[in-house]
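# Remarks on the overall topology
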Number of protein chains: 6
Amino acid sequence: MKLLLVNPNMTQAVTDAVLAAARMRARPGTELVAVTGDFGPQVIGSRAENALAQHGVLELVARHADGCDAVVLGVSLDTALWACRELLAMPVVGMTEAGLLCGATVATRIGVLTYGARMGPLYRELIESHGLGTRLAGVEALDVTPQQTFETPEQVRAAVLAGVHRLVERDGAEAVLLAGAAMASMADLLQPQVPVPLLDGIGCAIVLAQAMASLQLPRARRGSLGATGGRVVHGVSPALAALFARPA
Amino acid sequence: MKLLLVNPNMTQAVTDAVLAAARMRARPGTELVAVTGDFGPQVIGSRAENALAQHGVLELVARHADGCDAVVLGVSLDTALWACRELLAMPVVGMTEAGLLCGATVATRIGVLTYGARMGPLYRELIESHGLGTRLAGVEALDVTPQQTFETPEQVRAAVLAGVHRLVERDGAEAVLLAGAAMASMADLLQPQVPVPLLDGIGCAIVLAQAMASLQLPRARRGSLGATGGRVVHGVSPALAALFARPA
Amino acid sequence: MKLLLVNPNMTQAVTDAVLAAARMRARPGTELVAVTGDFGPQVIGSRAENALAQHGVLELVARHADGCDAVVLGVSLDTALWACRELLAMPVVGMTEAGLLCGATVATRIGVLTYGARMGPLYRELIESHGLGTRLAGVEALDVTPQQTFETPEQVRAAVLAGVHRLVERDGAEAVLLAGAAMASMADLLQPQVPVPLLDGIGCAIVLAQAMASLQLPRARRGSLGATGGRVVHGVSPALAALFARPA
Amino acid sequence: MKLLLVNPNMTQAVTDAVLAAARMRARPGTELVAVTGDFGPQVIGSRAENALAQHGVLELVARHADGCDAVVLGVSLDTALWACRELLAMPVVGMTEAGLLCGATVATRIGVLTYGARMGPLYRELIESHGLGTRLAGVEALDVTPQQTFETPEQVRAAVLAGVHRLVERDGAEAVLLAGAAMASMADLLQPQVPVPLLDGIGCAIVLAQAMASLQLPRARRGSLGATGGRVVHGVSPALAALFARPA
Amino acid sequence: MKLLLVNPNMTQAVTDAVLAAARMRARPGTELVAVTGDFGPQVIGSRAENALAQHGVLELVARHADGCDAVVLGVSLDTALWACRELLAMPVVGMTEAGLLCGATVATRIGVLTYGARMGPLYRELIESHGLGTRLAGVEALDVTPQQTFETPEQVRAAVLAGVHRLVERDGAEAVLLAGAAMASMADLLQPQVPVPLLDGIGCAIVLAQAMASLQLPRARRGSLGATGGRVVHGVSPALAALFARPA
Amino acid sequence: MKLLLVNPNMTQAVTDAVLAAARMRARPGTELVAVTGDFGPQVIGSRAENALAQHGVLELVARHADGCDAVVLGVSLDTALWACRELLAMPVVGMTEAGLLCGATVATRIGVLTYGARMGPLYRELIESHGLGTRLAGVEALDVTPQQTFETPEQVRAAVLAGVHRLVERDGAEAVLLAGAAMASMADLLQPQVPVPLLDGIGCAIVLAQAMASLQLPRARRGSLGATGGRVVHGVSPALAALFARPA
C-alpha cells in the first residue's frame with residue numbers, strides 16, 4: 001500500500017516530523033511519500049495562511065496522488081480536505097478529523113491542544129464543521145509557535161503537558177488530541193505522564209487511511225463529493241488543470 | 001491479531017453472517033472468534049430486548065475477551081458498547097458506530113437503513129448519543145425481519161435497494177449504512193446498483209478495530225471510562241463477577 | 001392508587017430510603033410497593049453496572065407491576081426506563097427524568113448533583129438523551145459513595161450543601177436536583193439552607209406518576225413504544241419471558 | 001386545593017371550554033376559578049395579540065391569584081408564563097408546556113396540532129424556548145379558527161383528526177398534543193380513533209399543577225425567577241401595581 | 001428618511017440617551033423621532049416588566065409609526081420586536097438584535113454585557129430566540145441599575161470596563177455588545193481602552209434600520225409575519241385598535 | 001465612500017452583474033470598484049474550485065483594497081471571508097452572509113435558492129458555519145448553471161420562480177435569498193410574483209457594508225481576527241506577500 005502525506009506549508013522539518021510519526025503507525029510494507037508545499041505559507045498560523053494553503057494542497061495532490069492508495073493531509077486544520085475528496089478517487093483523511101474519529105472510540109469527550117493563542121477558534125470551527133462539536137471537551141491553544149518545537153523542545157513539551165492536564169482536570173477530557181503537524185512525534189513521549197489516551201493526529205490518520213483503503217469503497221456518483229469532471233481552471237499547474245478537466 | 005465478535009442474540013445464523021462479513025475485511029492472518037448469546041432475545045427487535053441484551057453482551061465479553069486484541073460488537077444497536085469500554089482494557093468497537101465513523105470520511109451526510117418499522121427512533125437516538133446527529137441524512141426502517149433475510153433473500157434485497165434509493169434521492173445521503181447484523185454480507189452484493197458508497201457495519205468495525213488496536217493506546221486512568229475495579233455484583237457468571245471485581 | 005417502586009440494585013437501605021421519600025409525597029391512600037434487585041450490582045456506580053441493572057429492572061417489573069397503576073424507577077440513571085414503557089401498559093416514570101420535568105416548571109436551568117466523580121458524564125448523557133440538555137445548568141459529581149450517606153451522614157450532607165452552592169453560584173442553577181436514590185430524603189433537610197428549590201427525584205417521580213396515572217392515557221398502538229407482543233427470550237424468569245411473549 | 005385558570009382573551013366560550021376540561025382531570029375536592037380577560041384580543045391569532053395579552057395575563061393573576069394554590073394558564077401560547085413565575089409565589093403552569101412535559105413520559109417525540117395556518121412558527125418557537133425542540137415531531141397548523149370549534153364542531157373535528165394522522169404517519173409522532181384552549185375537550189372525543197395518546201393541554205396542566213403544588217417547593221431567592229420586589233409601574237390596575245411593588 | 005425610536009419604559013433620561021446615540025450614527029438628513037412610554041414600568045428590570053412593556057411598545061408604534069421609514073426599538077430586550085414586524089409595513093429593528101447582527105461581521109463570537117445580575121438568563125434566552133446562540137461568547141450581567149449610569153457614571157464605567165475585559169479574557173469574546181439603552185453613549189467613550197470592537201446597540205440598530213429601509217423589501221403576504229388584518233382588540237387606544245383592525 | 005467588489009472567478013459577465021446590482025443599492029455618491037479573478041476557476045461550481053478561489057480572493061483584495069472603505073465579496077460561497085477579515089483593517093461582507101443577516105430582520109426562517117444540484121450541501125454547511133442554521137428554512141439547488149442565466153434567461157427565471165415557491169410552500173420560508181452572483185439582478189424582476197421578500201445577496205451586502213463602514217469600529221487587537229502581522233508567504237504576488245508581511 002502506498003500513502004501520500006501532504007504538508008502544504010513550506011517547512012521541511014514539519015514534513016519530516018509528519019513522516020517519522022507516520023512510519024511509527026503504518027503497517028509493515030507500506031510505502032510512504034511525503035511532499036512539502038513549494039509556495040504559500042512558511043507555516044500556517046492564521047486564517048489567511050490557511051486559505052492560501054488550500055491552493056497548495058490541491059497542487060500537491062494533483063502532482064503526487066496518482067498511483068497512491070490513499071492521501072493523508074499532514075496539516076492540522078484539515079486544509080482542503082473535502083475539496084480533495086471531491087477531486088480524487090481514493091480515500092483522503094485529515095489528521096485532526098482522524099484524531100477525533102479514532103478518539104471517539106476511546107473517550108466520550110476529547111480535548112484538543114494546539115499551538116498559537118489565536119488559533120483556538122479555528123479548531124472549534126473545524127470540529128463543529130465535522131459535526132463533532134458535542135464530542136469536544138475543550139480547546140487549549142498554547143502560546144507556542146511550531147518552530148519552538150524544534151528549537152526549544154523541552155520547554156514546549158512542558159507547556160504541552162500542562163495544557164493536557166488542564167484539558168483533563170478542568171474540561172473533563174477523557175482523551176487529548178495533540179493537533180499540530182509539528183507535534184507529530186510528541187504523543188508517545190508524553191503518554192507515560194498523562195492519565196488519559198494521547199492521540200497523535202498523524203498516527204490516527206495513517207491507521208484510518210489504511211482502514212478506509214482496505215474497505216475499497218467506490219467513489220460516489222451522486223451528491224456533493226461525486227466527480228465533477230470537465231472543470232476549467234486557469235493559471236495553475238498543468239497537473240492541477242488536468243485533474244480539474246478529467247472527465248467524471 | 002485476534003478479534004472477538006460478539007452477537008448477544010441467540011440466532012446462530014446472525015453470528016455466521018457477521019463472521020463471514022468480518023472475514024472479508026480482516027487483514028490476512030487475523031484470528032476471528034465469534035460468539036453467540038446463550039440467554040436473552042432470539043433476535044433484538046425492541047427496546048426491552050436491547051435492554052436485556054446488555055447483560056448478555058457483558059457475559060460474552062467476560063468469558064471470551066481475555067487474550068483478544070479487540071472486541072467488535074456484532075449487534076447494530078451497539079448494545080453495551082460503553083459499558084464494555086469501561087470493563088475491558090482493549091479496543092471495543094460497535095458496528096453502527098464504526099459505520100458512521102468510517103462513513104464520515106466519505107460522505108457529508110449518511111443514510112441509515114435498518115429492519116423493523118418500529119426501530120427507526122432507536123437508531124436516531126443511538127446516532128444522537130454518539131454525537132453524530134448532524135451527519136445523519138435520514139433513517140429508513142424497513143418493514144422486514146432479520147429472519148426474512150435468510151428465508152426470502154431476494155425480496156429483502158429488493159426492499160433494501162428501494163430503501164437505499166429513498167435515502168439517496170429524498171434525504172441527500174452521500175453514503176448509506178446497512179445497519180443490521182443480519183445484513184452483514186449485503187453491501188457488496190448491492191453496491192453495483194447504488195450510486196453512493198454502501199457501508200457494511202461489520203466491515204467498518206473490523207477495519208476500525210484493527211486500526212485502533214495498532215495505535216496501542218493505554219487505558220484511561222481518569223474519567224468515566226477508566227477501570228472501576230473491585231465492584232461487587234451477584235447472580236452472574238463467575239467470569240463476569242470476576243471481571244467486575246478485578247482491581248483497577 | 002397503587003405504585004410500584006423499583007430499586008434494581010441489591011442494597012435494601014436504598015430501597016428503604018426511596019420508600020420513605022415516596023411516602024412523604026404520595027397522596028393519602030396511595031399504596032406503595034417497593035422492591036429490591038435480587039441479582040446484579042450491589043450499588044450502581046459505573047456504566048457496566050448500569051448496563052447489567054437493565055436486566056434487573058425488567059425482572060422486577062415483570063414480577064411486580066401487574067395490578068399497579070404506575071411504576072417509579074428508584075434508580076437515578078433512569079435505568080431501562082424506555083424499555084419498561086414499551087413492555088408495560090401503565091405509566092412508568094424515572095426519578096431523574098421526573099426531577100428535570102418538574103424542575104422545568106420552577107427554573108430556567110437546573111443543576112444536578114450526584115455521587116461518584118466518574119458519574120458526571122453519565123448524567124450529562126442521560127439528560128441529553130431526554131432532550132433536556134438546554135435546561136441543564138451543570139452537573140456536580142461528588143467524590144462520595146452511596147454507602148457514606150448511611151454511614152457518615154453529616155459529612156455527606158456538608159459536601160452536598162457545598163456542591164449545591166457551586167451549582168447555584170458558578171453555574172447559575174435556579175433549582176438543584178439531588179440525583180441519587182441514596183439521597184432520597186435529603187432535600188427537605190437541606191432546603192432551608194439553599195436559596196433555590198431543591199428537587200428530590202423520588203418525590204418528583206411520585207407526584208408525576210400519580211399525575212400521569214390520573215390522565216388515563218391509552219397505550220400507543222404505533223411507534224417505538226407500542227406493545228411488541230410475542231417476543232421470544234430465553235434464560236430469564238418465567239414472569240419476564242411471559243411478559244415478552246404477551247400478545248400485543 | 002384551589003386553582004386559578006387564566007384565559008387572557010375575551011371569549012367566554014374559551015374560558016368555559018377550559019373550565020370543563022379542567023374539571024375532568026382535577027382531583028375530587030379541587031376548587032377551580034376560571035377568569036377571562038377584560039381587555040385585549042377577542043381571540044389570540046397573531047404575534048401582536050399574544051404580545052398584548054401578556055399585559056392581560058398579568059392583570060388577571062394580580063387580581064385573582066391570592067389565596068390560590070397554583071395557576072394554570074389557559075392559553076396555548078403559554079403567554080407571560082415566566083413573568084407570572086417571577087411575580088407569584090405559587091406554581092404556575094402553561095398548558096402547552098404541560099402537554100409537552102407530560103407527553104415526554106409517554107412518547108419519544110410529540111406532534112403538536114393547532115389552529116391558524118400562520119401560527120405554526122409561533123409554536124415551534126415556543127417549544128424551542130422551552131428547550132424541548134428535540135422532542136418535537138412536527139407542528140400541524142390547521143386552517144381553522146377557534147370560533148369554528150364552537151360553530152361547526154364536526155367539520156373541525158374531522159380536520160383535527162386528519163391533522164393528527166399526518167403527524168403520526170408523516171412525522172412519526174408517538175403522542176399528539178392538541179394545542180389550543182378552544183380544543184380543550186376534544187382529546188377524549190377523538191382518542192378512540194387515534195393510535196397514539198392524545199394530549200389535552202388543560203388536562204395535563206391541571207394534573208401537573210396539582211403535582212407541583214403538592215411538592216411545596218419554596219420560592220427561589222436567587223436567579224431570574226426570584227421575587228423582584230419594589231418595582232414601580234404606572235397606568236395599570238391597583239392590584240397589578242401592588243403586586244409589582246410588593247417587597248421581595 | 002424618518003426613523004421612530006421607541007423607548008417603552010417611562011424614564012425620559014433613557015430616551016434622551018438613546019436619541020443622542022442615534023444621532024451619532026444616523027446619516028445626515030435623517031429625521032429622528034424618539035418617544036417614551038406613558039404607562040408601564042419605570043425601567044425594565046424583570047421578566048414581568050418586560051411582559052408588560054410589550055403592550056407599551058405596541059401603543060407607541062400604533063401612535064407614532066405612520067409616516068416613518070423604519071422603527072428602532074430602544075429597549076435592549078427587543079421587546080415586542082416580532083409583534084411590531086407583524087403589525088407594521090416598514091422595517092423594525094431591535095437594538096440587541098442589531099448589535100448581534102452587525103457584530104457577526106466583525107467577530108466570530110460576541111460577548112454581551114448588561115445591567116442587573118438577574119437579567120443574564122433573559123439575554124441568553126433572547127439571543128437563543130434570535131437563533132444566534134452559537135455566536136455568543138458569554139453574558140456578563142453587572143450588579144448595576146440603569147439609574148446609576150446617570151447618577152454615578154464613573155463607577156459604572158469602571159464596572160463596565162471590568163466586565164468587558166472578563167468577556168474578552170475569560171470567554172474569548174472578539175467583540176462586546178453593551179446591551180442596555182442606558183448605556184447608549186458609552187461605547188465610544190470606552191473603546192480606546194478595549195482591545196476588541198465595542199458595539200453600541202442603538203448605533204447598530206440605526207445603521208441597520210437605514211440599510212433595511214434602503215432595500216425597500218415588500219411586506220410578506222405569507223407566513224407568520226404577513227399582515228393579519230381585521231383583528232379585534234378591546235380596551236386599548238383607538239390608534240392601536242385601528243392598527244389591529246386595518247385590513248391586510 | 002469607496003467599495004471594492006471582488007469576484008474571484010474569471011467570468012466577466014458575473015462581475016458585471018454584481019456591479020449592476022450593487023449600483024442599484026449603493027447610496028448616491030458611492031464609488032464602486034469591481035474586480036475579476038485573473039487565475040483560478042472559470043466559474044465556481046464545486047468544492048475544489050471554491051478552495052482554489054480562496055487564493056484568488058486574497059490576491060484581489062491585496063491588490064485593490066487599499067484606499068477602499070469596505071469590501072464586498074461577490075461570490076455566493078462567501079469565499080475567504082474570514083481570511084479577508086483577518087488580513088484587512090476595513091469591513092468585509094460576504095453576499096450570502098449579508099443576505100441572511102438582512103433577511104433575519106424580515107423573516108423567522110429564510111429559504112436559500114442556488115444553482116447546481118450538487119451545491120446544496122455546500123450552502124447548508126456555509127450557513128451552519130455562520131451559526132445561522134436555525135434560521136434556515138431550506139435550500140433549493142437548481143439544476144442550472146450560472147452561464148444559463150446569461151444564455152437562456154427566461155427559462156432560468158421560470159426555474160428560479162418555481163424553486164422559490166417550493167421554498168415558501170414546502171419549507172415555510174418567510175423570505176428567500178437568491179444565492180448566486182449570477183442571479184444578482186433577478187430579485188427585483190421576480191419580486192412581484194413572489195409572496196415573501198426576495199433577498200438579493202449583493203444588494204444586502206452593499207447596504208450592510210455601508211452600514212458597517214459608518215460604524216467605524218476599530219480593528220480587534222485580540223482574538224482570531226486581529227492582525228497577524230509579519231507572516232512569511234512565498235510564490236504569491238508582491239502585493240499579497242506585502243499584505244501578509246505588514247506589521248500588526
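Everything numeric here is computed off the predicted structure, so don't read it as measured data.

## A few points about the relation of the copies chain C and chain D
Rotating chain C by 180° about the axis while translating it 0.0 Å along that axis superimposes it on chain D, leaving an RMSD of 0.0 Å. Both chain copies can therefore be described as sitting about a two-fold axis. A high fraction, 98%, of the interface residues of chain C reappear at the interface in chain D, so the copies pair face to face through one surface.

## Focus on the environment of Asn50 of chain F
Residues and elements named next belong to chain F. Inspection of the secondary structure assignment puts Asn50 in helix H2 (residues 47–64). A residue is classified by how much of its surface remains accessible, and Asn50, at 13% relative accessible area, is buried. A C-alpha to C-alpha distance of 6.8 Å links Asn50 and Thr79, two positions 29 residues apart in sequence. If sequence neighbours within four positions are ignored, Asn50 has contacts with Ile44, Leu77 and Thr79.

## Digging into the relation of the copies chain F and chain E
Expressed as a screw operation, the relation of chain F to chain E combines 0.0 Å of axial shift with a rotation of 180°, fitting to an RMSD of 0.0 Å. Both copies share a contact surface, since 98% of the interface residues of chain F are interface residues in chain E too.

## Brief notes about the pairing of strand S6 (residues 110–115) of chain C
All names here are of chain C. The element S6 is largely enclosed, with a buried count of six among its six residues. Because side chains alternate across S6, one face comprises the buried residues Ile110, Val112 and Thr114, and the other comprises Gly111, Leu113 and Tyr115, equally buried. In terms of strand pairing, S6 meets strand S7 (residues 136–142) through six bridges, oriented parallel. Within S7, the residue paired with Thr114 across the bridge is Ala141. In this fold, S6 hands off to helix H5 (residues 120–129), which returns the chain to S7; that crossover is right-handed. When S6 meets strand S8 (residues 175–178), the two strands line up parallel, connected through four bridges. Looking at S8, one finds that Ile110 is bridged to Ala175.

## Let's talk about the pairing of strand S2 (residues 31–36) of chain E
When strand S1 (residues 2–7) of chain E meets S2 of chain E, the two strands line up parallel, connected through six bridges. Counterpart to Leu3 of chain E in the pairing with S2 of chain E is Leu32 of chain E.

## Side note on the domain arrangement of chain A
Residue and element names in this part refer to chain A. Segmentation of chain A into domains returns domain 1 (2–95 + 204–245) and domain 2 (97–201). Computed from C-alpha atoms alone, the centre-to-centre distance between domain 1 and domain 2 is 22 Å. For domain 1, the biggest contributors to the area lost against domain 2 are Leu77, Met95 and Cys204; these three give 29% of the whole. Put simply, domain 1 and domain 2 have three salt bridges between them. Of the charged contacts, one joins Arg85 and Glu97 as a salt bridge, the two residues approaching to 2.7 Å between their closest N and O atoms. Counting the contacts that link domain 1 with domain 2 gives twelve residue pairs in polar contact (both at pLDDT 80 or more). When contributions to the side of domain 1 that touches domain 2 are tallied by element, the ones reaching two or more residues are helix H1 (12–25), helix H3 (81–87), strand S5 (92–94) and helix H9 (201–215).

## Looking at the pattern of salt bridges
Where charged atoms from two side chains of opposite charge come close, those side chains can pair. All chains considered together, the criterion is met by 72 salt bridges over all chains. Its salt-bridge partner being Glu49 of chain A, residue Arg231 of chain F comes within 2.8 Å of it at the nearest N-O pair. You can see Arg231 of chain F sitting in the loop between helix H9 (201–215) and strand S10 (233–234) and its partner Glu49 of chain A sitting in helix H2 (residues 47–64), one on each of two chains. A single network of salt bridges, built from pairs that share partners, joins Glu140, Arg166, Arg170 and Asp171 of chain A.

## Details of the packing of aromatic side chains
One pass over the full model with this rule turns up zero aromatic pairs over all chains. For the cation-ring pair, Arg85 of chain E lies above Trp82 of chain E, with the distance from its terminal atom to the ring centre recorded as 4.6 Å.

## A closer look at the environment of Val61 of chain B
Here Val61 of chain B shows up in helix H2 (residues 47–64). Given a relative accessible area of 1%, Val61 of chain B falls into the buried group.

About the cut-offs
Residues numbered from 1 in each chain as written. Chains lettered and ligands numbered in written order. Predicted model: local features only at pLDDT ≥ 70, side-chain atom pairs only at ≥ 80, totals over all residues. Heavy atoms only, no water. Least-squares fit on C-alpha atoms with pLDDT ≥ 70 in both. Contact = heavy atoms within 4.5 Å. Helix = DSSP H or I, 4+ residues; strand = E, 2+ residues; numbered from the N terminus. Buried < 20%, exposed > 50% of the residue type's maximum accessible area, 1.4 Å probe, protein only. Pairing = 2+ DSSP bridges. Right-handed = clockwise from strand over helix to strand, strands pointing away. Domains from an automatic or database assignment. Buried area = accessible area lost by both parts, 1.4 Å probe. Salt bridge = Lys/Arg side-chain N within 4 Å of Asp/Glu carboxyl O. Polar contact = N/O pair within 3.5 Å; in protein donor to acceptor, adjacent residues only side chain to side chain. Phe/Tyr/Trp six-rings, centres within 6.5 Å; stacked < 30°, edge-to-face > 60°. Lys NZ or Arg CZ within 6 Å of the ring centre and 35° of its normal.

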